[in-house]
Amino acid sequence: MPSPPPEPDPSAQDPSDDAGTAPADESASTPSEDAPSPDPSSSTLGAIREPQRLHPLTLLLRVGASLPALLIVLFPLLQNPNSSEHVVSIVLTVLYGVFALPAILLQYFRFSYRITPKQIVIQSGVFNRKNRSIPIERVQNIQIEQNLVARLFGIAKVQIETAGSTSTEGSLEYVQLESAQEIRRIVRSFQHRTAEGEAEAEQEEPTAETLFDMPLRRVLLSGAFRFSLLYLAVIFSVLQLFDPEALADQLMLSRSVMDRIGEAVLSNPALAIIATIVVAIILGWISGIVVHLARYYGFQLWLEGDKLRTRRGLFTVKEGTIPLKKVQALILRTNPFMCAFGWYELKVQTVGLDVDEQGHRVIAPFAKTDRILALANRVRPLDLPEAFGRVSRLTIRRRFFRYTAVLTIMLAPAIYFWPATWIHPGGVAFPWWGFGLVPFLLGWALLQYRNHGYATQDDGFYIRRGVVSHYLWLIPVEKFHVFSATASIFQRRLDLKTLFVDTAGAATFAYPEVIDLPADEADAQFGTLYTQFKTLYRNRIEEATGDPDTRLDVEDRPRLPTGPLAD
Amino acid sequence: MDSSTADATLADVASEEHIHSLDPSIRTVWMLKMAVFAVFLFLPALFYDLTQLFSPNSWLPFGVLSGTVLVGASIYCLAWPRLRHRAWGFALRPEEIYIEHGVLRHVRTIVPLRRIQHIDVSQDLIEREFSLGRLVVHTAGSRSSDVVIPGLPLSEAEHIRDEIKRFILEDPLIEDPV
């Protein structure tokens with residue numbers, strides 16, 4: 001077993017360095033020196049045929065991860081060490097020692113992985129042996145992830161994702177960083193072989209070309225533009241666990257000036273509200289910067305042949321690949337602040353990769369318009385439409401009614417149950433004042449209408465949407481999946497329809513949908529989009545076979561109701 | 001042939017004449033399923049009414065709540081399956097499945113046959129009594145990944161499945177599923 005070489009120096013894992021050496025190793029085309037037992041009989045490059053164990057440090061980390069549970073068990077004992085009524089705790093601790101620790105050990109020793117030219121085999125399980133084999137050609141992405149601890153010890157987590165699955169298919173937690181990169185290299189070289197035959201495999205892999213990187217200043221700037229109350233909510237919910245008042249008291253006591261300010265603020269409710277808002281904005285702003293820094297520090301994107309590779313993260317470093325062919329849609333995103341200064345974010349939609357981001361992978365977190373467009377063009381030629389088609393103006397009315405109805409439903413119980421002793425500004429129950437928001441709702445509906453647009457072009461379907469987050473989707477024709485046009489009961493009264501082209505891996509929260517098109521226009525678009533799809537495939541088939549049609553005879557083609565069984 | 005078929009799509013998509021409706025017995029199936037649901041709604045209402053039977057200051061006379069639930073549920077059970085059956089229609093065309101359904105919310109869907117990943121015919125307990133089958137079409141799409149055509153005679157569902165299978169097998173273009 002190899003002893004863990006500590007690699008606390010992050011510069012040793014510099015991405016450009018690793019990207020530069022990878023092709024060199026590839027061209028050497030000899031059984032790799034990292035492969036622990038090179039099989040002399042095999043002609044393939046560095047297949048790991050012997051079952052491999054995970055890195056021994058895994059054991060330590062897993063025990064470490066199980067310690068919090070032990071602490072909870074021991075908590076009563078620790079709080080009151082002199083009491084004799086903690087037999088349960090002690091028994092549980094003993095049980096932990098007897099069962100949990102050996103379980104970790106057994107798990108470790110019964111886990112093994114190996115890589116053959118055809119598949120990755122992962123065996124695991126103590127009582128139920130699991131033998132999972134992942135065919136090499138199905139592997140879509142190998143993601144290498146290192147959290148802070150893993151980086152200190154130079155180990156990494158390898159996640160293998162396949163085309164069909166929506167989650168990680170196989171996970172190696174942890175292996176040495178070099179082995180992780182080796183695994184990825186081996187799998188990729190096998191994939192080349194199966195895809196393009198032996199002759200192609202001899203060719204060395206195209207050199208990596210850095211497309212985009214973010215210096216520290218840029219990361220901080222991007223965080224500054226990403227004001228988010230969400231992080232703030234998280235912070236406050238964490239603070240709930242502690243005693244915020246005691247904390248505040250301590251802060252106040254330590255500074256008499258703060259004390260005076262606090263008193264002045266608290267004596268005036270209006271000031272208190274303003275102060276709260278200001279503090280919330282500042283906190284939200286700072287937390288946005290911090291979160292972005294942690295997520296995108298050292299962001300790098302590079303193109304390697306037909307694959308994009310990304311690497312990012314301050315504490316947890318994530319490294320992943322995106323095959324260009326698997327890009328389902330391009331997403332340009334901005335918000336009003338970013339837009340005012342010409343900043344955009346570029347994402348791609350993929351399948352089964354990084355489920356925590358809803359199938360979206362960030363390609364460029366923050367860049368100027370022309371840079372983003374140039375980058376997008378490298379991923380997929382993009383022809384931004386000059387003008388977007390608008391949806392029906394009736395959408396403003398519909399949205400306004402809907403928002404007002406929601407507001408009413410929310411306020412009505414509050415008004416009904418508002419106690420007489422609580423504040424009644426202007427002689428009415430306070431929630432009545434909530435209806436002061438109605439003009440804003442109208443403005444919101446108007447903005448949604450103004451920002452909503454679509455365009456059908458030869459290369460795909462462009463959809464623009466969103467007020468706080470502006471989204472622009474490009475769905476290429478060859479990635480259309482299911483076409484649908486819906487009309488709700490309210491939409492039918494106004495003769496409107498919603499158009500949606502489904503794609504693989506589309507997010508469930510913000511998805512490209514054209515809402516409230518005039519019905520005839522929606523039908524026309526529906527037809528156009530499907531015709532585009534059909535024509536594209538006819539051309540492709542014609543290219544491949546010389547005949548634009550299926551090989552089925554005319555009477556054999558699927559058809560119902562005129563089929564033999566229909567009457 | 002190329003352009004003519006491409007143009008024909010538009011007409012196809014809009015045309016109403018070739019729409020196939022579901023087997024009428026699916027109405028009974030739906031009705032039975034809804035009845036089960038309605039019973040679960042009715043029993044608590046009845047229970048509430050019974051517990052309030054002897055309480056002097058009940059805010060509702062006996063039977064009003066359970067009666068309302070009973071009447072409402074029966075109307076729903078009787079009318080809804082008919083409306084739903086009327087709204088449902090589908091057509092299997094040489095290159096796509098066309099579906100329209102929805103009582104309150106009309107949905108029209110086109111599933112291109114070459115986008116189908118796999119296809120099942122399934123049957124639950126009640127459907128088996130009526131020898132009906134349900135065609136479940138799986139695509140890689142995210143929101144409409146399962147497209148279901150209920151209420152087909154089992155043989156017809158299997159026939160459609162085989163037709164689609166043959167189309168996919170004979171597709172000259174081999175490409176990755178996603």
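Procedures and definitions
- Residues numbered from 1 in each chain as written.
- Chains lettered and ligands numbered in written order.
- Predicted model: local features only at pLDDT ≥ 70, side-chain atom pairs only at ≥ 80, totals over all residues.
- Heavy atoms only, no water.
- Helix = DSSP H or I, 4+ residues; strand = E, 2+ residues; numbered from the N terminus.
- Contact = heavy atoms within 4.5 Å.
- Areas by Shrake-Rupley, 256 points an atom, 1.4 Å probe, with all protein chains shown as cover.
- Pairing = 2+ DSSP bridges.
- Axes fitted to C-alpha atoms, helices over the stretch in contact; angles between N-to-C directions.
- Buried area = accessible area lost by both parts, 1.4 Å probe.
- Salt bridge = Lys/Arg side-chain N within 4 Å of Asp/Glu carboxyl O.
- Polar contact = N/O pair within 3.5 Å; in protein donor to acceptor, adjacent residues only side chain to side chain.
- Expected span 1.5 Å × (residues − 1).
- Buried < 20%, exposed > 50% of the residue type's maximum accessible area, 1.4 Å probe, protein only.
- Patch = residues over 30% accessible without salt bridge, like charges linked within 9 Å, V, L, I, M, F, W, Y side chains within 5 Å.
- Phe/Tyr/Trp six-rings, centres within 6.5 Å; stacked < 30°, edge-to-face > 60°.
- Lys NZ or Arg CZ within 6 Å of the ring centre and 35° of its normal.
- pLDDT = per-residue confidence, 0-100.
- Parallel < 35°, antiparallel > 145°, perpendicular 65-115°, else oblique.
- Left-handed = near helix turned anticlockwise from the far one by under 90°.
- Nonpolar A, V, L, I, M, F, W, Y, C, P; charged D, E, K, R; others polar.

Colleague: Which residues make up the overall build of chain B, and what values go with them?
Modeller: Within chain B one finds five helices and six strands. Contacts in chain B between residues at least 24 apart in sequence constitute 50% of all its contacts with a sequence separation of at least 6. Summing over all exposed atoms, chain B offers an accessible surface of approximately 9300 Å²; the carbon and sulfur share of this is 63%.

Colleague: Which residues make up the sheet that holds strand E3 (residues 119-124) of chain A, and what values go with them?
Modeller: All names here are of chain A. Reading across from one edge, E1-E2-E3-E4 is the order of the four strands in this open sheet, with antiparallel pairing throughout. Since the sheet does not close on itself, it has two edges, and those belong to strand E1 (48-52) and strand E4 (130-135), each with one partner. Across the sheet, the mean angle from the axis of one strand to that of its neighbour is 10 degrees, orientation sign disregarded. Strand direction decides the pairing type here: strand E2 (residues 112-115) and E3, joined by four bridges, are antiparallel. Its bridge partner lying in E3, Arg 114 is registered against Val 121.

Colleague: Got a sec to walk through the interface of chain B and chain A? Specific residues and values, please.
Modeller: With 52 residues of chain B at the contact, the number on the chain A side is 54 residues. A combined buried area of about 5000 Å² lies between chain B and chain A, and 58% of that area is made up of carbon and sulfur atoms. Taken together, the connections running from chain B to chain A amount to three salt bridges. Across the contact surface, chain B and chain A share 13 residue pairs in polar contact (both at pLDDT 80 or more). Counting residues per element, the ones that place at least two in the side of chain B that touches chain A are helix H1 (2-14), strand E1 (89-92), strand E3 (106-112) and helix H5 (154-170) of chain B.

Colleague: Would you mind going over helix H14 (residues 438-451) of chain A in detail, with residue names and values included?
Modeller: Residue and element names in this part refer to chain A. With 14 residues, H14 should cover 20 Å at 1.5 Å per step; its first-to-last C-alpha distance of 20 Å lies within 8% of that length. Buried within H14 we find Val 438, Leu 441, Ala 445, Gln 448, Tyr 449 and Asn 451. Check the buried side of H14 and you find it contacts strand E15 (389-390), helix H13 (394-417), strand E16 (453-457), strand E17 (460-465) and strand E18 (470-476).

Colleague: Could you give me a rundown of the sheet that holds E16 of chain A, with the residues and numbers involved?
Modeller: Residue and element names in this part refer to chain A. Strand order in the open sheet formed by seven strands is E14-E13-E12-E18-E17-E16-E15, and the pairing between neighbours is antiparallel. The two strands at the open ends of the sheet, each matched to only one other strand, are strand E14 (360-368) and E15. Summarising the sheet, E15 and E16 pair through two bridges and their orientation is antiparallel. Counterpart to Gly 389 in the pairing with E16 is Tyr 454. Contacting strand E12 (329-334), strand E13 (343-349) and E14, helix H12 (residues 369-379) crosses the sheet at an angle of about 145 degrees to E14. Sheet strands in contact with H14 are E15, E16, E17 and E18, and its direction is about 160 degrees off that of E17.

Colleague: Go over the side chain of Arg 114 of chain B, please, and point to the residues and values.
Modeller: Structurally, Arg 114 of chain B is set in the loop between E3 and strand E4 (116-122). Of the polar contacts made by the side chain of Arg 114 of chain B, one reaches the side chain of Asp 171 of chain B; its length is 3.2 Å.

Colleague: Account for a nonpolar patch on the surface, naming residues and giving values.
Modeller: A grouping of Phe 227, Ile 273, Ile 274, Ile 277, Val 278, Ile 281, Ile 282, Trp 285, Ile 286 and Val 290 of chain A is seen on the molecular surface, where their side chains present a nonpolar patch of about 910 Å² in accessible area. Here Trp 285 of chain A lies in helix H10 (residues 269-296).

Colleague: So what's going on with the packing of aromatic side chains? Residues and values would help.
Modeller: Residues and elements named next belong to chain A. A full pass over the atoms with the stated rule returns 20 aromatic pairs over all chains. A ring pair is formed by Phe 483 and Tyr 530, whose centres lie 5.3 Å apart and whose planes are at 75 degrees; its orientation type is edge-to-face. Residue Phe 483 is located in strand E19 (residues 482-487), and its partner Tyr 530 is located in helix H16 (residues 519-545); the two are separated by 47 residues in the primary sequence. One exposure class covers both Phe 483 and Tyr 530, and it is buried. For the pair Phe 500 and Tyr 511, a centre-to-centre distance of 5.7 Å together with 65 degrees between the ring planes defines the contact as edge-to-face. In this pair, Phe 500 sits in strand E20 (residues 496-502) while Tyr 511 sits in the loop between E20 and strand E21 (513-518), placing the two residues eleven residues apart along the sequence. Through successive ring pairs, a cluster of aromatic residues spans Phe 480, Phe 483, Tyr 530, Phe 533 and Tyr 537. Residue placement shows Lys 368 over the ring face of Trp 343; its charged tip is 4.3 Å from the ring centre. The side chain of Arg 464 reaches across the aromatic face of Phe 388, ending 4.8 Å from its centre.

Colleague: So what's going on with the confidence of the model for chain B? Which residues, and what values?
Modeller: All names here are of chain B. Looking at chain B as a whole, its pLDDT mean stands at 85, while 88% of the residues score no less than 70. Overall, residues 1-11 carries pLDDT values under 50, and its contacts beyond four positions in sequence, including any with other chains, amount to twelve contacts. The complex model carries a pTM of 0.77, and its ipTM stands at 0.88.

Colleague: Talk me through the environment of Glu 127 of chain B; I want residue IDs and the actual numbers.
Modeller: Considering the arrangement of structural elements, one finds Glu 127 of chain B in helix H4 (residues 125-129). Once residues lying within four places of it in the same chain are set aside, the contact partners of Glu 127 of chain B are Val 29, Lys 33, Ser 122, Leu 132 and Arg 134 of chain B.

Colleague: Before we move on, can you summarise the packing of helix H2 (residues 57-79) of chain A against helix H3 (residues 87-109) of chain A with the specific residues and values?
Modeller: All names here are of chain A. Between H2 and H3, whose axes approach to 10 Å, the crossing angle comes to 165 degrees. As judged from the angle between their axes, H2 and H3 are roughly antiparallel. H2 and H3 meet at a crossing whose hand is right-handed. Each of Thr 58, Leu 59, Arg 62, Val 63, Ser 66, Leu 67, Leu 70, Val 73, Leu 74, Pro 76 and Leu 77 in H2 lies in contact with H3, whose residues at this interface are Ser 89, Ile 90, Leu 92, Thr 93, Tyr 96, Leu 101, Ile 104, Leu 105, Gln 107 and Tyr 108. Of the residues belonging to the contact of H2 with H3, the class tally is 15 nonpolar, five polar and one charged.

Colleague: Could you give an account of the environment of Ala 507 of chain A, naming the residues involved and the relevant values?
Modeller: All names here are of chain A. Along the polypeptide, Ala 507 turns up in the loop between E20 and E21. On the basis of relative accessibility, which here comes to 5%, the residue Ala 507 falls in the buried class. Distance from Ala 507 to His 360, taken between C-alpha atoms, is 7.6 Å for residues 147 residues apart in sequence.

Colleague: Describe the pattern of salt bridges, listing the residues and the values that go with them.
Modeller: Residue and element names in this part refer to chain A. On inspection of all chains with the given rule, the structure shows 23 salt bridges over all chains. As a salt-bridge pair, Glu 304 and Arg 188 come within 2.7 Å of each other at their nearest N and O atoms. Here Glu 304, found in strand E9 (residues 300-304), pairs with Arg 188, found in helix H5 (residues 177-202); they are 116 residues apart in sequence, far enough to count as distant. We note a salt bridge from Asp 523 to Lys 497, for which the minimum N-O separation is 3.0 Å. Remark: Lys 497 occurs in strand E20 and Asp 523 occurs in helix H16; sequence separation between them is 26 residues. By relative accessible area, which is 28% here, Asp 523 ends up partly exposed. What makes Lys 497 buried here is its relative accessible area of 15%. Three or more residues joined by partner-sharing salt bridges are found here, namely Arg 184, Arg 188, Glu 304, Arg 309, Arg 311 and Glu 319.

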